[in-house]
Amino acid sequence: MPLPVLDAVPIRLRLTAGYTLLLLVIIAALAAYTLTTMESSLQQEADETLGLRVHQVARTLADSADSSGAPLTLERAAGAIANLAPVDEFAAPGVYVQILNPAGTVIAHSPNLPGGNLPVGQDMVQAALAGREVYADVPVGTEHLRVLARPVYTGESLVGALLVGESLHLQDVTLNRMRQLLLVAAALAAVVSLLGGWWLTGQAMGPVAEVTGVARRIAATGRFEQRLAVPASRDELGQLAATFNDMLARLEKMFLRQREFVADASHELRGPLMVIRGNLDLLKLDLSKEDRLQSIHEATEEAERMSRLVSDLLFLSEADAQEIVEHQPVALHAVVASVWERAKELDGGAHQVLLERNDPAAVAGDRERLAQLLWNLVENALRYTPPGGTVSLALRREGKVAEVTVSDTGIGIPAEHLPYIFERFYRVDQARSRSQGGTGLGLAIAKQVVAAHGGQIRVRSEPAVGSTFTVTLSVI
């Protein structure tokens, strides 16, 4: 569960702190590895040096032994130490030599050894007198020594023990300096990481901040025409800016359509309401029977027109929510036949209503909506075709495709209006459309139904010649 305190921290600061912490963890791991490796290497080097020095002292002792293999004496040990005096490395203050007899008594030591004894435990001495080599670290004041104890033989006889110690002061100094350097490096790395991370995250979060700023300005002003500057690079941030601009373009288009839709709906509803109110006011007067019947008839017609308009608006609202289609097997040829029969009946012989072809075809969809789609197209054709003209339907199946056409010999549609006729409330001739009782939503509904069925609708028209609407659907 995220902490509320962390949620309030800006992402830029969290990213920078995270980068810095990660870098410090990596530096700490590398520092620990470096120090461990260096300490091990220095100790190995010290042990090798001790081994060489012990070997030299032991060889000197062996060279000073007589052929009889007599035990070590004070004189022999002192002589061996004295013979080492000219060697600078053994005379150095950091190297100490101590010789013991088989009884564990110190019989000689280097002159630079304070008190004449190396501060080693008896277990180390006993181990050397038992014939084993032993290494140990022993403290001396604020420093410590690396000591090697080994037995001394004359021939096959154990004649004593040799202890050689070397100060680890230089090793400690080296390790301390390395620790200091690593601490300084870690501090510098932390500062550089903070500054660099802050700058880098600022660069990375810049487009996000711009998106936030544009979104806030849009929320404050309601102006969707604002856009982000798209960087030349096509990385994730460039894609974010391009996607956000596409979203703004769609929102702007939807907002404009909604505003136009509300304005058009208000305008369309205002007309019938004014007519109904006017006729109701007339009914309050002392009118003749014929005038009263005429007012009632006009008010009823406008109420029916307003009812159709509200029904169409509700349908389009459902279409926007994608709740208009139930996908069930539908015999499309039966729907075409029923629409043709209805058109002939309602037309009353004013036009020639023909069914040119009706191939059997089944589609997955909603029978009621498909009937509404075809009826809107046929009703449009009847409305804009002069009496005596021809309106024809045809259903053709070719493979997995069913194609329904509705053709007429009506007034046609000018080419400049064709791209817009499927928009809501769009009318080629505003006055003529209203006088004929249309709502301006029939073709918009047809397009929504076709889209919900995964099909396509297209139109071909020529003024004074006629129009042909073609609907293409996939068969099952």
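Refer to the structure printed above.
Summarised in this report is the structure supplied together with it.

Focus on a nonpolar patch on the surface
So, step 1. A grouping of Leu22, Ile26 and Leu30 is seen on the molecular surface, where their side chains present a nonpolar patch of about 290 Å² in accessible area.
So, step 2. Position of Leu22 among the secondary structure elements: in helix 2 (residues 11-64).

Thoughts on the sheet that holds strand 2 (residues 106-109)
So, step 1. As summarised here, the arrangement of the five strands in space is 2-1-5-4-3, forming an open sheet in which the pairing is antiparallel. Each edge of the open sheet carries a strand with a single partner, namely strand 2 and strand 3 (134-140). Geometrically, the sheet is characterised by an average inter-axis angle of 25 degrees between neighbouring strands, direction not taken into account.
So, step 2. Sheet topology note: the strand 4 (residues 143-154)/strand 5 (residues 157-167) ladder contains 10 bridges and is antiparallel. Directly across from Leu148, in strand 5, lies its bridge partner Val164.
So, step 3. Here helix 5 (residues 122-129) sits on the sheet and contacts strand 1 (95-100), strand 3, strand 4 and strand 5; the angle it forms with strand 4, its principal contact strand, is near 25 degrees.

Looking at the packing of aromatic side chains
So, step 1. Enumeration according to the criterion identifies one aromatic pair in this entry.
So, step 2. Lying across the ring of Trp375, Arg342 places its NZ or CZ 4.0 Å from the centre.
So, step 3. Lying over the aromatic face of Trp340, Lys344 brings its terminal NZ or CZ to 3.8 Å of the ring centre.

A few points about the nonpolar core
So, step 1. Formed by 45 residues in total, the largest nonpolar core has its most connected members in Leu332, Leu373, Leu377 and Val378.
So, step 2. Of all elements in the fold, only helix 8 (289-320), helix 9 (332-347), helix 10 (367-383), strand 9 (390-398), strand 10 (401-408), helix 12 (442-452) and strand 12 (466-474) reach the threshold of two or more residues within this core.
So, step 3. With eight residues, the single largest contributor to this core is helix 10.
So, step 4. When neighbours within four sequence positions are excluded, Val378 is seen to be in contact with Val339, Ala343, Leu393 and Val406.
So, step 5. Grouped together as the second largest cluster of nonpolar side chains are 16 residues, Leu100, Leu145, Ala149 and Leu163 included.

Definitions and limits used
Residues numbered from 1 in each chain as written. Predicted model: local features only at pLDDT ≥ 70, side-chain atom pairs only at ≥ 80, totals over all residues. Heavy atoms only, no water. Patch = residues over 30% accessible without salt bridge, like charges linked within 9 Å, V, L, I, M, F, W, Y side chains within 5 Å. Areas by Shrake-Rupley, 256 points an atom, 1.4 Å probe, with all protein chains shown as cover. Salt bridge = Lys/Arg side-chain N within 4 Å of Asp/Glu carboxyl O. Helix = DSSP H or I, 4+ residues; strand = E, 2+ residues; numbered from the N terminus. Pairing = 2+ DSSP bridges. Axes fitted to C-alpha atoms, helices over the stretch in contact; angles between N-to-C directions. Contact = heavy atoms within 4.5 Å. Phe/Tyr/Trp six-rings, centres within 6.5 Å; stacked < 30°, edge-to-face > 60°. Lys NZ or Arg CZ within 6 Å of the ring centre and 35° of its normal. Core = buried A, V, L, I, M, F, W, Y, C linked by side-chain atoms within 4.5 Å. Buried < 20%, exposed > 50% of the residue type's maximum accessible area, 1.4 Å probe, protein only.

Function-wise, these values are silent; they only describe arrangement.
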